[in-house]
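Now for the letters of each chain:
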Amino acid sequence: MIKKIFCFALFMAIFYTAHAQLVVDIVAGNAPQIPIAIVPFEPDNKALSENAKYLNEVLRKNLESTGLFRMLDPESFPEKLKFGELPSFDDWLLIRTQALIQTKISRAGTGRLRLQFFIWDIDSQEQIEAQSLVATDKSKRRLSHIMGDEVYKRLTGEGGYFDTQIAFIAEEGPQTNRRRRLALMDHDGHNQRYLSGSDVMVGSPYFSPNMHTLIFLSYRNDEPSVWTLDLTTGEQRRLGNFGGMNFAPRFSPCGNKIALSLVNDMSVNLYEYDIKEKSLRQLTFGEIIDTSPSYSPCGKFLAFNSDRSGAQQIHIMNLKDLSEKRISFGTGRYATPAWSPRGDFIAFTRMHRDVFSIGIMTPQGRSERTLASGWFMEAPNWAPNGRRLVFTTTDRDDNRTSRIMSVDIMGRNMYQIPTPGNAVAPSWSPLLP
């Protein structure tokens, strides 16, 4: 039985609203970092000092990990600013501060913390955000994650991704006898926990849009099939008995349908399962291998990889009339397409000779860009704001060490997300409810 992952109460009060003048272009090739001053979190009393230091550090790491912001050294601050005091804007301009953050931590009852914060645009001398957040002690990291998302949103004009989770497959044991378990962690690798035992092989986890369900591949009785996991109760259920091996499941944007691959005779075709009607609709036909479906954000199109042209390539299907077209034409084979939540790019794995690459292109097959290359890379998956990806990379060592990496859409600011051991097949959640 899996308990509800977070017990969290959020209360938001907007004290002041202004249109932010300070905006960083997050897709510009050489955009300068925004200098940010985070005034040390102010505890309401000495008993909260450790919580204040802890949440301050979480916020700093969240913002630094984006590569978009530069955290100014507190030793350089021109004044010791108390929460609620008006900044001396000219003094902060002297150290080239562009955004200033003031924060206070207090108690909101037994076992509950309140986080209040202001964001100031120093150039325009405006307060551009003011909020109050409340959480239980056990979920206090979420305070900094949610606050970080608000800072990100105010300074970039786009949604953040800190208050999210990543589902993945945790691998244990030697390469010849590797056990695989469903696992879950926060976006930064903290709060890792297992969702399944190691007695059944699993793969390809994917979140439902409402975050209630994980869909995944499970090998039971030596036959791969699609199962669901209720993230509230821990209940696992087989999606349906389709009369053959089925795999590569993906939820539609509305969460009412699931695209998957189904093996029939010597062919692998795409199907769409209607959860409410419990009906299966065949999408592709013929003696081909069609797999790795990924819905467009509007739910009207499906990206997938197919060998119908003689080699593995990416195709786009119109789900209304089932017409399709190929969009990948570069050197090598293309696989594992993943449509951005924004709809502007499709991520993919490209294989050419002994090199694997993670890249993106437009849904029209244009503006192809390589983000990372190595001996073995696969399974790109998007952050909910469509500006970062996670993927798996495997080393060419005796144990085939696998890690989860994160990179932005310009191919910059790549880093490893820490896991206890080998980790593959990451799936990034929507923002937590």
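Preceding block: the structure.
Report follows, based on the coordinates. Predicted, not measured: the structure shown is a model, and the values here were computed from it. (Residues numbered from 1 in each chain as written. Predicted model: local features only at pLDDT ≥ 70, side-chain atom pairs only at ≥ 80, totals over all residues. Heavy atoms only, no water.)

1. What about the packing of aromatic side chains?
Put simply, the test is: Each Phe, Tyr or Trp ring (for Trp, its six-membered ring) is paired with any other whose centre lies within 6.5 Å, and the angle between the two planes then decides the class: stacked below 30 degrees, edge-to-face above 60, tilted in between. Definition used: whenever NZ (Lys) or CZ (Arg) falls within 6 Å of the ring centre and also within 35 degrees of the ring normal, the charge is taken to sit over that ring.
All chains considered together, the criterion is met by twelve aromatic pairs. The structure contains a cluster of three or more aromatic residues connected by ring pairs, namely Phe69, Tyr152, Tyr161, Phe162 and Trp428. A cation sits over an aromatic face here: Lys140 above Tyr54, 4.9 Å from the ring centre. If you follow Arg220 out to its NZ or CZ, it ends over the ring of Trp227, 3.6 Å from the centre.

2. Let's talk about the state of the cysteines
Quick reminder of the rule: A pair of cysteine sulfur atoms is labelled a disulfide when the two atoms are within 2.5 Å. Only protein chains enter the accessibility calculation, which uses a 1.4 Å probe; a residue whose area is less than 20% of its type maximum is buried, one above 50% is exposed, and one in between is partly exposed.
The full count for this structure, using the stated rule, is zero disulfides. Summary of cysteine pairing: Cys254 is not part of a disulfide, and the nearest cysteine sulfur, belonging to Cys298, is at 9.9 Å. The class of Cys254 is exposed, set by a relative accessible area of 70%.

3. Side note on helix 3 (residues 141-156)
Put simply, the test is: Counting from the N terminus, the helices are DSSP H or I runs at least four residues long and the strands are E runs at least two residues long. An expected span of 1.5 Å times one less than the residue number is assigned to each helix.
For helix 3, built from 16 residues, the straight-helix expectation of 22 Å at 1.5 Å per residue is met to within 8% by its first-to-last C-alpha distance of 22 Å. Of all 16 residues making up helix 3, 14 are buried, and the element is well covered by its neighbours. Trailing helix 3 by a residue or two, Gly157 shows a phi angle of about 80°, which is positive.

4. Points about the pattern of salt bridges
This is how the line gets drawn: In the sections that follow, a salt bridge refers to a side-chain nitrogen of Lys or Arg positioned within 4 Å of a carboxyl oxygen of Asp or Glu.
Counting across every chain of the model gives 23 salt bridges. The closest approach of N and O atoms between Lys104 and Asp44, which form a salt bridge, is 3.6 Å. With Lys104 in strand 4 (residues 99-107) and Asp44 in the loop between strand 2 (42-43) and helix 1 (49-65), this residue pair connects regions lying 60 residues apart in the sequence. Among the residues examined, Lys104 registers a relative accessible area of 22% and is labelled partly exposed. A salt bridge links Asp188 to Arg141; its shortest N-O distance comes to 2.5 Å. In this pair, Asp188 sits in the loop between strand 8 (179-186) and strand 9 (193-194) while Arg141 sits in helix 3, placing the two residues 47 residues apart along the sequence. Relative accessible area serves as the criterion here: at 19%, Asp188 is assigned to the buried category. Connected via shared salt-bridge partners are Glu158, Arg342, Asp344 and Arg387.

5. Considerations on the nonpolar core
What counts, and what does not: By convention a nonpolar core is built from buried Ala, Val, Leu, Ile, Met, Phe, Trp, Tyr and Cys residues, the set being connected through side-chain atoms within 4.5 Å.
In terms of nonpolar packing, the biggest core is built from 41 residues, with Ile36, Phe41, Leu63 and Phe69 touching the most fellow members. The element best represented in this core is helix 3, accounting for six residues. Core analysis: the second largest hydrophobic core is formed by 17 residues, Phe345, Ala347, Met351 and Val407 among them.

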